[in-house]
Amino acid sequence: MSSHENRSQGAMGLRGRNLIAHLFDVDTERVESLSWPLGSRVTVDAGAESLFRLAHRRSARTVTAFEVTDYTCILRLRTPVGREKFYGLANADISPGPTGTDWVRTD
């Protein structure tokens, strides 16, 4: 079962904070995990502007970036089954493109 899960986990089987840190080439300490209610409220309910969207080539996993302040971005990681996880990252740490070759920008 774990080998099947790893195929869709993204870069080298990474998940969550580790995946976000790998995608944007930052230390995991710079990635802040947010609760689902907070992430949803800030991105959906408040109508945050979407900056870009990344899609994994071999799974239905996506990462969408939202600008929430002049200095902060929230990243929504959506799994293939539709679960959402939210992470905060400084705008300065967001690179123009993902560092993983299995991810492509779709916007």
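Residues numbered from 1 in each chain as written. Predicted model: local features only at pLDDT ≥ 70, side-chain atom pairs only at ≥ 80, totals over all residues. Heavy atoms only, no water.

For the rest of this paragraph, the subject is the overall build of the protein. Within the protein, the regular secondary structure consists of 3 helices and 6 strands. Element order for the protein, N to C, with α for helix and β for strand: α-α-β-α-β-β-β-β-β. Looking at the 107 residues of the protein, the share that counts as buried comes to 38%. Excluding contacts between residues fewer than 6 apart, the proportion of contacts in the protein whose partners are at least 24 apart in sequence is 49%. For the protein, the accessible area works out to roughly 6100 Å², and carbon and sulfur atoms hold 49% of it. (Helix = DSSP H or I, 4+ residues; strand = E, 2+ residues; numbered from the N terminus. Buried < 20%, exposed > 50% of the residue type's maximum accessible area, 1.4 Å probe, protein only. Contact = heavy atoms within 4.5 Å. Areas by Shrake-Rupley, 256 points an atom, 1.4 Å probe, with all protein chains shown as cover.)

Okay, the pairing of strand S4 (residues 72–78) next. Burial within S4 is extensive, with 5 of its 7 residues counted as buried. Bridge count between strand S3 (residues 62–67) and S4: 6 bridges; the pairing is antiparallel. Across the sheet, Thr62 pairs through a bridge with Arg78, a residue of S4. Hairpin connection of S3 to S4: 4 residues between the antiparallel strands. (Pairing = 2+ DSSP bridges.)

Let's shift gears to helix H2 (residues 16–23). Of the positions making up H2, those classed as buried are Gly16, Leu19, Ile20, Ala21 and Leu23. On its buried face, H2 sits against strand S2 (49–56), S3, S4, strand S5 (84–90) and strand S6 (103–105).

Turning to the sheet that holds S3, a few remarks are in order. In spatial order, the strands read S1-S5-S4-S3-S2-S6; together these 6 strands make up an open sheet with antiparallel pairing. Looking at the sheet topology across the chains shown, the edges are occupied by strand S1 (32–34) and S6. Mean inter-strand twist for the sheet, computed between neighbouring axes without regard to direction, equals 25°. As paired elements, S2 and S3 share 6 bridges and run antiparallel to each other. Bridge assignment links Phe52 to a residue of S3, and that residue is Ala65. (Axes fitted to C-alpha atoms, helices over the stretch in contact; angles between N-to-C directions.)

Take the nonpolar core next. The nonpolar side chains of a soluble globular protein tend to be buried with one another. Membership of the largest hydrophobic core comes to 18 residues, with the highest contact counts inside it found for Phe24, Val63 and Leu75. Counting only elements with at least two residues in this core, the list comes to H2, S2, S3, S4 and S5. (Core = buried A, V, L, I, M, F, W, Y, C linked by side-chain atoms within 4.5 Å.)

For helix H3 (residues 36–45), the full list of buried residues reads Gly39, Ser40 and Thr43. End-on view of H3: buried residues confined to an arc of 95°, all on one side of the axis. Packed against the buried residues of H3 are S3, S4 and S5. At the exit of H3 stands Gly47, carrying a positive phi of roughly 70°. (Arc of directions from axis to C-beta.)

Summarising the element assignment, Thr79 is placed in the loop between S4 and S5. When near neighbours in sequence (up to four residues on either side) are disregarded, Thr79 contacts Ala60 and Arg61.

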